[in-house]
Amino acid sequence: MTDDDVLKRWFVADVLPLERDLERYLARHCRARDDVIDLRQEVYEHAVAAARKSLPLNTRPFVLTVARNLLIDRARRAKVVSFEQMADLDELNIPDLVEADRALTARDELRRAMAGLDQLPPRCREVVRLRRVEGLNIRETADRLGVGHHTVERQLTLGLRALANFMLGGNARIERKPGLAPRRKRTP
Amino acid sequence: MTRRNDIEARAAAWLVRRDQPEWGAADDEALKGWLAESDAHKVALWRLEAGWDATARLAATRSVAVERPSLNRLLESRALQALAASLVLICLFAAAVVPEWVRRDQPQPLRRFATTVGEHRAVRLPDGSAVTLNTASTMRAAVDSGRRAVWLDRGEAYFDVAHDARHPFVIHAGDRVVTVLGTRFSVRRDGGMVTVAVVEGRVRVEDAAKGERGRAAVLTAGNVAISRGTSMLLTDRSSARAEAALSWRRGMLTFDRTTLEEAAAEFNRYNRRQIRIADPQAAQIRIGGTFDATDIDAFARLMRAGFGLAVREEADAITINS
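All residue numbers refer to position in the chain's written sequence, counted from 1. Labels follow written order: the first chain is A, the first ligand is 1, and so on. Owing to the predicted nature of the model, reporting of local features is limited to residues with pLDDT of at least 70; listing and counting of side-chain atom pairs is limited to 80 or more, with chain, interface and lining totals taken over all residues.

### A look at the nonpolar core
Link 1 in the chain: Judged by nonpolar contacts, the single largest core of 50 residues is most densely connected at Leu160 of chain A together with Leu15 and Leu48 of chain B.
Link 2 in the chain: In DSSP terms, a helix is any run of H or I states spanning at least four residues, a strand is any run of E spanning at least two, and both are numbered starting from the N terminus. In terms of residue count, helix H9 (residues 149-168) of chain A provides more of this core than any other element does, eight residues in total.
Link 3 in the chain: Throughout this description, the term nonpolar core refers to a group of buried Ala, Val, Leu, Ile, Met, Phe, Trp, Tyr and Cys residues whose C-beta atoms join them within 7 Å. Whether a residue is buried, exposed or partly exposed follows from its count of other C-beta atoms within 10 Å of its own C-beta, namely 20 or more, 12 or fewer, or something in between, respectively; the C-beta atoms are built from the backbone. By size, the runner-up hydrophobic cluster in this structure holds 47 residues, among which are Tyr158, Val198, Leu260 and Ile318 of chain B.

### Thoughts on the interface of chain A and chain B
Link 1 in the chain: Every contact between the two is made by 46 residues of chain A and, on the other side, 41 residues of chain B.
Link 2 in the chain: Sorting the residues of the side of chain A that touches chain B by element identifies helix H1 (4-15), helix H3 (33-53), helix H6 (106-119) and H9 of chain A as the ones contributing at least two each. For the purpose of contact definition, each residue receives a C-beta atom placed from its backbone, and two residues are in contact when these atoms lie within 7 Å.

### Describing the packing of H1 of chain A against helix H3 (residues 39-53) of chain B
Link 1 in the chain: Each axis is a line fitted through C-alpha atoms, taken for helices only over the stretch in contact, and angles between the N-to-C directions span 0 to 180 degrees. Taken N-terminus to C-terminus, the directions of H1 of chain A and H3 of chain B make an angle of 50 degrees; their axes are 10 Å apart at the nearest point. Classified by the interaxial angle, the pair formed by H1 of chain A and H3 of chain B is oblique. Two packed elements cross with a definite hand, and for H1 of chain A against H3 of chain B that hand is right-handed. Facing H1 of chain A, whose interface residues are Lys8, Phe11 and Val12 of chain A, H3 of chain B presents Val43, Trp46 and Ala50 of chain B.
Link 2 in the chain: The nonpolar class holds Ala, Val, Leu, Ile, Met, Phe, Trp, Tyr, Cys and Pro. Asp, Glu, Lys and Arg form the charged class, and all remaining residues, Gly among them, are polar. Residues that form the contact of H1 of chain A with H3 of chain B fall into these classes: five nonpolar, no polar and one charged. Here is the rule for angles: anything less than 35 degrees is roughly parallel, anything more than 145 is roughly antiparallel, 65 through 115 is roughly perpendicular, and the remaining ranges are oblique. Working rule for handedness: look at the near helix, and if it is turned counterclockwise from the far one by less than a right angle, call the crossing left-handed; if clockwise, right-handed.

### As for the sheet that holds strand S18 (residues 317-321) of chain B
Residue and element names in this part refer to chain B.
Link 1 in the chain: The sheet built from three strands is open, its strands ordered S15-S18-S17 with mixed pairing. The open sheet terminates on both sides in strands that have one partner only, identified here as strand S15 (274-277) and strand S17 (310-313). Sheet twist, expressed as the mean angle between neighbouring strand axes with direction ignored, is 20 degrees. Strands pair, by our definition, only if DSSP identifies at least two bridges between them.

### Quick notes on unusual backbone geometry
Link 1 in the chain: If you check the backbone angles, Ala136 of chain B has positive phi at about 45 degrees while not being a glycine.
Link 2 in the chain: Its place among the elements puts Ala136 of chain B in the loop between strand S3 (130-133) and strand S4 (138-143).

### Things to note about the confidence of the model for chain A
Residues and elements named next belong to chain A.
Link 1 in the chain: Every residue carries a pLDDT, the predictor's confidence in it, which falls somewhere between 0 and 100. On average, chain A scores 78 in pLDDT, and the residues at 70 or more come to 74%.
Link 2 in the chain: Within chain A, the element-level pLDDT minimum falls on helix H5 (residues 83-89), averaging 49, and the maximum on H9, averaging 93.
Link 3 in the chain: Considering only residues more than four positions removed or in separate chains, one finds that residues 92-102, a stretch of pLDDT under 50, has 23 contacts.
Link 4 in the chain: Every residue in residues 177-188 is under pLDDT 50, and counting partners more than four places away or in other chains gives twelve contacts.

### Describing the packing of H1 of chain A against H3 of chain A
Residues and elements named next belong to chain A.
Link 1 in the chain: Running from amino to carboxyl end, H1 crosses H3 at an angle of 130 degrees, the nearest separation of the two axes being 11 Å. With respect to H3, the element H1 is oriented oblique. Seen from above, H1 lies across H3 with right-handed handedness. Here Leu7, Trp10, Phe11 and Val15 of H1 lie close against H3, whose contacting residues are Tyr44, Ala47, Val48, Ala51 and Arg52.
Link 2 in the chain: Class assignment of the residues belonging to the contact of H1 with H3 gives a composition of eight nonpolar, no polar and one charged.

Here it is, written out as structure tokens:
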């Protein structure tokens, strides 16, 4: 058994850097971006559960194998599967194209964070900026902007999520979550 | 909202609250309980935490003019004055490096990428497309938010083009222009000859000198187009064959009933040490198989063992004879 601290270190250091390759592999088999993200999280979940028994020696093939098995399960559940699709599943040989930009330098990281911040909707951006740049907490931010505690907390949660995804993902832009759209349908 | 979406929102909410001064032991227990519920919760939180931690450097962009009053008192100590000074330096640094990157709408200058003999190079373009340059190749790229154009000046490259229907990706290879929307394929130049092999998607190949009779061909997966001057040969191979033509990306060469002469020429693209076929009879022997592109000694040994050919090894060449 691997304890959770070790598991977390392995996940952050070895698994997360594969995210772009993993998404690229998954995207070859399902078109909808949302499905890819669902599958990605499912792969992570299974990988962590399997690694708890023992950490794999080589993470990349391990994670891709987990992904392939999930895709095969999914294909079996589907009614119609093209031969092309099944044949392709066996090919785990994904060229390691992103190796070069995998390790973000401190400077790249700052640039990327600034670009991500820039793409947030204005109000969300200001709340995240006050937290991350100025170091204000929610109460101080609410006082400064003259809005409620709850509003700040909600905007900060959305911003954290969008910005964290931006830092990890291969996508060049922030995905607009339903809650980030300026006009939002309220659910009762 | 999907289950995953829901979990990610919860994880983000935990991370926001954990940073606040009100966070207490009871909250800590509650978070532990939530994490213990499932691995899906754990990976969602670990993942967002890592992404959020990566934004910590934003603090370096804090401008000194908007200090908080509580900091003024702290700043009276000498050590902190030094720290403040370095913070100013970091801000100046950030101000210097950031604008060129943030202004993404400005046209990018032409960037040049090259490989030497035997070298491979993976290049990621600003639009998300990935290019692998094969041995002894040169490419220039002008890719930004407005246009996507590259010039393959010599050699060979494999393209994995990010999909963007509004901005076609255009490759200029000698007298051919290859236009794509998003797909995987390779382009190779040998002097005046241009070969395009498509693995996935659709690609249009046309004469650079448009007009006349509009010589354009649309290639789909498995197609290989070989063109020279005004003629173009379109062959329909299986996808596996098109993939085999791309085995160089793994450092391998794949031959199928290829003459020894052609195989030697192929090896010679990857190595300074050249293979010479000394007599016409040996040159016409046909071989098949997959070989390490840079291990010409192994290839020569196989020729000796398999075909009883005489192999003479020198410092800069290997000569093969009947």
